[in-house]
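Spelled out from the first residue to the last, the chains are:
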Amino acid sequence: MEASVILPILKKKLAFLSGGKDRRSGLILTIPLCLEQTSMDELSVTLDYLLSIPSEKCKARGFTVIVDGRKSQWNVVKTVVLMLQNVVPAEVSLVCVVKPDEFWDKKVTHFCFWKEKDRLGFEVILVSANKLTRYIEPCQLTEDFGGTLTYDHMDWLNKRLVFEKFTKESTSLLDELALINNGSDKGTQQERERSIDLNFLPSVDPETVLQTGHELLSELQQRRFNGSDGGVSWSPMDDELLAQPQVMKLLDSLREQYTRYQEVCRQRSKRTQLEEIQQKVMQVVNWLEGPGSEQLRTQWGIGDSIRASQALQQKHEEIESQHSEWFAVYVELNQQIAALLNAGDEEDLVELKALQQQLSDVCYRQASQLEFRQNLLQAALEFHSVAQDLSQQLDGLLGMLCVDVAPADGASIQQTLKLLEEKLKSVDLGLQGLREKGQSLLDQISNQASWAYGKDVTIENKENVDHIQGVMEDMQLRKQRCEDMVDVRRLKMLQMVQLFKCEEDAAQAVEWLSELLDALLKTHIRLGDDAQETKVLLEKHRKFVDVAQSTYDYGRQLLQATVVLCQSLRCTSRSSGDTLPRLNRVWKQFTVTSEERVHRLETAVAFHSSAEKILQECPEQPEAFNEMEQFDEIEAVGKSLLDRLTVPVVYPDGSEQYFGSPSDMASAAEHIREKMKLVSLKKQQLRQPEATAPES
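Residues numbered from 1 in each chain as written. Predicted model: local features only at pLDDT ≥ 70, side-chain atom pairs only at ≥ 80, totals over all residues. Heavy atoms only, no water.

As for the overall build of the protein
Line of reasoning, step 1. Scanning the protein from terminus to terminus reveals 18 helices and seven strands.
Line of reasoning, step 2. Sequence-distant contacts, at least 24 apart, represent 81% of the contacts inside the protein between residues at least 6 apart.
Line of reasoning, step 3. As presented, the protein carries roughly 37,600 Å² of accessible surface, and 51% of it is formed by carbon and sulfur atoms. (Helix = DSSP H or I, 4+ residues; strand = E, 2+ residues; numbered from the N terminus. Contact = heavy atoms within 4.5 Å. Areas by Shrake-Rupley, 256 points an atom, 1.4 Å probe, with all protein chains shown as cover.)

Right, dumping it as structure tokens:
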């Protein structure tokens, strides 16, 4: 019977165990009767409950029952006393009926209990409250009977409820924990897990029950300590009532079973965690080897352009994003497995390491495949980028070659030729880079079969290889065609450069010849002071003429080369058309002027030679001058030379040009006149002797 079931009856305090003892150490059971009619059934229930509390040993010492009849009638008291015979006949050793101050019929009462003594089995005495200490020590009596023992019925009832609740919960919990713990000790793993699954969670929280028990034990120990210290708060739930030992025993058993239960929970938690990890590992492995690998199997192409490669890269990034979620699970699982390995049991190490190895192998293999695919697509993108750049360079070079060359001068042709060579060199470098990128991509494609998981990728690889080789061959052919066209354009441009050079040099020859003509007219004016100097001037003039002749011949050769180059280029020179007439015109002017210069110098040589010969003849040899005609001839030559100095040079086109300035010509003529005067004076000197001879 539990107090919680009859709690309303117990609250009425129809009977109680105050914790006091008689002189035989028997417990004192107090039945306080009141003015109101007492329910015998409720009293019987109360007594049954109270008498179930003490131990058998304690019951064997007997009970002293105090029936407080001071507020009740004799008939009620008599009924209660008789009821004790049915409730606790063997345990009651003495019944003290506390009589009221009013008079009962002593004879009746005494006779009645005395008459029934043998039948009742216990002694019944009538005693006033102040005489009760004759049978019971005051310290064992409550204040109602003049004693010093303190008793709080509601406090006792609350503690009793707590005690019974703890006892009930702890006993039930012990059974549950024992069932769980014993089930975990079964032979096979399967039976153990089945038992644990059926009875794994206890109905109450063990921590709460333990805490309640400790609080209850602390309360009992405190009350016991207070009572043993000479106080008056003697607890009815002490050692003799088995409260404290029972609580301690339950706590000890509960702690033991709870410790085992915690270990079972730990093992179960570890097993559950291991199973969850194993399940997650298989989820990761199954996805990576299933849908994840299938995604990579379907992605084998490299694209045929930059846009196609970028689209494949975007698709690959989506695949990588899906893989990243599973790789994150892998990282988390790897950390959990590492933690279990650090704190795991020997029996779990092999399984954990196997899981970790399997997970790592699959994840690393899949990550390698993703990285390989990413590198392959990046290499393909770079290959197509280089191919596109090279194609644009070839288009630009071809466009430049298709435009007809119409340069303004040789410098622009040189600049255009330099630009052409730079573009061709850039194309060579681009083609070399394309070959390197293509070979690198082919090498990567050749390794693609290593992660194909048995899938035959020969056809797919052949398509990729054919595409790459086709692009490189096409670029090579285009580059070769451009090179051929560049060779033709280079030859043509070099011929044009040579043409411009010939035209420029021919024009320069004309300028040089004009400068020689100008120098001949302006600076070649002296005729010499004597025959020797004049001969030197004549020799210099001939060399001067040779230089002019070489210049003229060089110009003629350049113009002939210009004609040949124009015929080769099938074009008309813009400058050679008027250069040849200019050259011929200047050369004719130079020729006429040179001939005039030669004639004057030769005349001057003849004049100076004849004059110097006459002037150097001795007067003692008159026979040398017999012929006066020489003087006349010298005078005639001198006059002719003077006349020639005043005559301009007449060119074939009718134009005229004088040698030097008038003052220069006057100076040359004056020198000739002076020499003619000397000759004339010499002539007169020779004539005077002839005149005086006849006179004598």
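There's more to say after this.
What to know about the packing of aromatic side chains
Line of reasoning, step 1. If you walk through the whole model with that rule in mind, you get seven aromatic pairs.
Line of reasoning, step 2. Ring centres of F16 and Y151 lie 4.7 Å apart, and the angle between their planes is 10 degrees; on these two criteria the pair is classed as stacked. Of the two residues, F16 sits in strand β1 (residues 16-21) while Y151 sits in the loop between β5 (123-127) and α7 (153-184), which places them 135 residues apart along the sequence. For the pair F16 and Y151, a shared accessibility class is recorded, and that class is buried. (Phe/Tyr/Trp six-rings, centres within 6.5 Å; stacked < 30°, edge-to-face > 60°. Buried < 20%, exposed > 50% of the residue type's maximum accessible area, 1.4 Å probe, protein only.)

Thoughts on the pairing of strand β3 (residues 63-68)
Line of reasoning, step 1. The buried count for β3 comes to six of six residues, which makes it a mostly enclosed element.
Line of reasoning, step 2. Because side chains alternate across β3, one face comprises the buried residues F63, V65 and V67, and the other comprises T64, I66 and D68, equally buried.
Line of reasoning, step 3. Two elements, strand β2 (residues 27-32) and β3, share six bridges in a ladder whose sense is parallel. Paired with T30 across the strands is I66, a residue of β3.
Line of reasoning, step 4. As defined by bridge partners, β3 adjoins strand β4 (residues 92-98) across six bridges and the pair is classed as parallel. The partner of F63 across the bridge, within β4, is V92. (Pairing = 2+ DSSP bridges.)

So, the sheet that holds β4
Line of reasoning, step 1. Pairing is mixed across the open sheet formed by five strands, whose spatial order is β1-β2-β3-β4-β5. A single partner strand is all that each edge strand has here, and the edge strands are β1 and β5. This sheet shows a mean twist of 25 degrees between the axes of neighbouring strands, independent of strand direction.
Line of reasoning, step 2. As judged from the three bridges shared by β1 and β2, these two strands associate in the antiparallel manner. Paired with K21 across the strands is L27, a residue of β2. (Axes fitted to C-alpha atoms, helices over the stretch in contact; angles between N-to-C directions.)

So, the pattern of salt bridges
One side chain can pair with another of opposite charge once the charged atoms of both are near each other.
Line of reasoning, step 1. Overall, the coordinates contain 25 salt bridges when judged by the stated rule.
Line of reasoning, step 2. Of the charged contacts, one joins E137 and R23 as a salt bridge, the two residues approaching to 3.3 Å between their closest N and O atoms. Taken together, the positions of E137 in the loop between β5 and α7 and R23 in the loop between β1 and β2 put the pair 114 residues apart, joining distant regions of the chain.
Line of reasoning, step 3. Residue E137 is classed as partly exposed on the basis of its relative accessible area of 36%.
Line of reasoning, step 4. Exposure remark for R23: the relative accessible area of 47% places this residue in the partly exposed category.
Line of reasoning, step 5. Note that D529 is salt-bridged to R526, the shortest N-O span being 3.9 Å.
Line of reasoning, step 6. When its relative accessible area of 41% is taken as the criterion, R526 is described as partly exposed. (Salt bridge = Lys/Arg side-chain N within 4 Å of Asp/Glu carboxyl O.)

Points about the nonpolar core
Line of reasoning, step 1. Of all hydrophobic cores here, the largest spans 79 residues; its most connected members are L441 and F590.
Line of reasoning, step 2. Every element with two or more residues in this core is listed here: α12 (346-402), α13 (410-446), α14 (458-522), α15 (531-569), α16 (576-615), α17 (629-645) and α18 (662-695).
Line of reasoning, step 3. Of all the elements, α14 adds the most residues to this core, at 19 residues.
Line of reasoning, step 4. In contact with L441, other than residues within four places in its own chain, are I302, L376, A379, A380, F383 and I468.
Line of reasoning, step 5. Within the second largest apolar cluster, 38 residues are counted, among which are A15, F63, W74 and W156. (Core = buried A, V, L, I, M, F, W, Y, C linked by side-chain atoms within 4.5 Å.)

Considering the packing of helix α10 (residues 243-298) against helix α11 (residues 306-343)
Relative orientation and spacing of two packed helices are given, respectively, by the angle between their axes and the distance between those axes.
Line of reasoning, step 1. The interhelical angle for the contact between α10 and α11, taken along N-to-C directions, is 155 degrees, at an axis separation of 10 Å. By the angle between their axes, α10 is roughly antiparallel relative to α11. The interaxial crossing formed by α10 with α11 has left-handed handedness. Every residue of α11 that contacts α10 at Q273, I277, K280, V281, Q283, V284, W287, L288, G292, Q295 and L296 is listed here: H316, I319, Q322, H323, W326, F327, V329, L333, Q336, I337 and L340. (Parallel < 35°, antiparallel > 145°, perpendicular 65-115°, else oblique. Left-handed = near helix turned anticlockwise from the far one by under 90°.)

Some details on unusual backbone geometry
Line of reasoning, step 1. You will see that K13, though not glycine, has its phi angle at about 55 degrees, which is positive.
Line of reasoning, step 2. The phi angle at S25 is positive, at roughly 65 degrees, despite the residue not being glycine.
Line of reasoning, step 3. Under the relative-accessibility criterion, S25 is labelled partly exposed at 33%.

Notes on the side chain of K675
Line of reasoning, step 1. For K675, the position within the fold is in helix α18.
Line of reasoning, step 2. When its relative accessible area of 11% is taken as the criterion, K675 is described as buried.
Line of reasoning, step 3. For K675, the contacting residues outside a window of four places in its chain are D529, D530, F607, H608, A611 and E612.

What to know about the environment of S680
Line of reasoning, step 1. Within the secondary structure layout, S680 lies in helix α18.
Line of reasoning, step 2. Along the sequence, S680 and F631 sit 49 residues apart, while their C-alpha atoms lie 7.6 Å from each other.

Remarks on the environment of T212
Line of reasoning, step 1. Residue placement: T212 occurs in helix α9 (residues 206-228).
Line of reasoning, step 2. Look at T212 and you get partly exposed, because its relative accessible area is 23%.
Line of reasoning, step 3. Considered as a pair, T212 and S170 are 42 residues apart in the sequence and their alpha carbons are 9.7 Å apart.
Line of reasoning, step 4. The residues touching T212, leaving out its near neighbours within four places in the chain, are V162 and F166.
Line of reasoning, step 5. A polar contact is formed between the side chain of T212 and the backbone oxygen of T208, at a distance of 2.9 Å. (Polar contact = N/O pair within 3.5 Å; in protein donor to acceptor, adjacent residues only side chain to side chain.)

Let's talk about the environment of K501
Line of reasoning, step 1. In this structure, K501 sits in helix α14.
Line of reasoning, step 2. Given the relative accessible area of 46%, K501 is considered partly exposed.
Line of reasoning, step 3. Along the chain, K501 and L558 lie 57 residues apart, while their C-alpha atoms are 8.9 Å from each other.

Quick look at α17
Line of reasoning, step 1. Look at α17: 24 Å from first C-alpha to last across 17 residues, which is about the 24 Å you get at 1.5 Å a residue.
Line of reasoning, step 2. When α17 is considered as a whole, its buried residues turn out to be F631, I634, G638, L641, L642 and L645. Each buried residue of α17 sits inside an arc of 100 degrees when the element is viewed along its axis, so together they form one side. (Expected span 1.5 Å × (residues − 1). Arc of directions from axis to C-beta.)

Focus: the packing of helix α2 (residues 40-51) against helix α4 (residues 74-87)
Line of reasoning, step 1. Put simply, α2 and α4 touch, their axes get as near as 11 Å, and they point 45 degrees apart. Compared by their axis directions, α2 and α4 come out oblique. In terms of crossing hand, the pair formed by α2 and α4 is right-handed. Of the residues in α4, those in contact with M40, L43, S44, L47, D48 and L51 of α2 are T79, V80, M83, L84 and V87.
Line of reasoning, step 2. A per-class count over the contact of α2 with α4 returns eight nonpolar, two polar and one charged. (Nonpolar A, V, L, I, M, F, W, Y, C, P; charged D, E, K, R; others polar.)

So, the side chain of R373
Line of reasoning, step 1. Secondary-structure assignment places R373 in helix α12.
Line of reasoning, step 2. Sequence-distant contacts of R373, that is, excluding residues within four places in its chain, are made with Q299, W300, G301, L312 and H316.

Shape is all these values report; function is a separate question.
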